[in-house]
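# Tertiary structure, described
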Amino acid sequence: MNVHIESADLKKNEEGHFIGHTQFRIEGYKDTYELTFFSKRGTNWDYSINFAKESGKEEDLLTIDKMIEEDDDLFDQLLDAALDAMEPTASEEV
């Protein structure tokens, strides 16, 4: 399965929690999807999935969500895109 990452970001909010997004397309599906990630400490991640642009077929959204739940490599690929896009804070810069 080919996944195309269109954009990603990840930041810490005022409370120090991680919040990020990855917009992506999957070969064979017409719509662009967005995962929103959340973690209090950057270890255990919650996510939600939405259409990134226009609403599409709900059936496809549920299929993609199931794929992400069952395929750790796919989830990690999407999370890694957000982690890679995170800008270091002043205290993390060398």
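Right, let's walk through the structure included here. Residue positions are given per chain, counting from 1 as you read along its sequence in written order. In keeping with the predicted nature of the model, local features appear solely for residues at pLDDT of at least 70, side-chain atom pairs appear and are counted solely at 80 or more, and the whole-chain, interface and lining totals rest on all residues. Excluding hydrogens and water, the side-chain figures rest on all heavy atoms present in the structure.

## Topic: the side chain of Glu34
- Here a strand is any run of E in DSSP of at least two residues, a helix any run of H or I of at least four, and the numbering for each starts at the N terminus. Tracing the sequence through the fold places Glu34 in strand β3 (residues 33-39).
- Using a 1.4 Å probe on the protein chains alone, a residue whose accessible area is under 20% of its type maximum counts as buried, one over 50% counts as exposed, and one in between counts as partly exposed. Charge convention: Lys and Arg are scored as positive, Asp and Glu as negative, and His as well as the terminal groups of each chain are ignored. The working definition used for a salt bridge is a side-chain nitrogen of Lys or Arg within 4 Å of a carboxyl oxygen of Asp or Glu. Nearest to the buried, unbridged Glu34 among oppositely charged side chains is Lys53, at 10.0 Å.
- Among the polar contacts made by the side chain of Glu34, one reaches the side chain of Gln23 at a distance of 3.2 Å. Throughout this description, a polar contact denotes any pair of N or O atoms lying within 3.5 Å of each other; where both atoms belong to protein, one of them has to be capable of donating a hydrogen while the other can accept it, and for residues adjacent in sequence the pair is counted only when both atoms sit in side chains.

## Comments concerning the nonpolar core
- Residues belong to one nonpolar core when they are buried, are Ala, Val, Leu, Ile, Met, Phe, Trp, Tyr or Cys, and are joined through side-chain atoms within 4.5 Å. The biggest cluster of nonpolar side chains holds 21 residues, and the ones touching the most others in it are Phe24, Phe37, Ile49, Ile64, Ile68 and Leu78.
- Among the elements of the structure, β1 (3-12), β2 (18-26), β3, β4 (46-51), α1 (58-70) and α2 (72-85) are those that each provide at least two residues to this core.
- By residue number, the principal contributor to this core is α2, which donates 5 residues.

## A word on the pairing of β4
- Direction of pairing for β3 relative to β4: antiparallel, over a ladder of 6 bridges. In the sheet register, Thr36 faces β4, and the bridge partner there is Ser48.
- Pairs of strands are assigned from DSSP output, requiring at least two bridges between the strands. Hairpin geometry of β3 and β4 is characterised by an intervening segment of 6 residues between the two adjacent antiparallel strands and by a positive phi of about 85 degrees at Gly42.

## Digging into α2
- Compared with the 20 Å implied by 1.5 Å per residue over 14 residues, the 20 Å span of α2 between its first and last C-alpha is a close match.
- Turning to α2, its buried residues are Leu74, Phe75, Leu78, Leu79, Ala81 and Ala82. Buried residues in α2, looked at end-on, bunch into an arc of 145 degrees, giving them a common side. Across α2 from its buried face, at more than 90 degrees, point the exposed residues Asp72, Asp73 and Asp84.
- At its buried positions, α2 is contacted by β1, β2, β3, β4 and α1.
- Where α2 begins, the side chain of Asp71 points an oxygen toward the backbone nitrogen of Asp73, at a separation of 3.0 Å. Given the number of residues in a helix, its expected span is that number minus one, multiplied by 1.5 Å. Think of the arc as the fan of directions from the helix axis to the C-beta atoms. Two residues qualify as a contact provided that any one of their heavy atoms is within 4.5 Å of a heavy atom in the partner residue.

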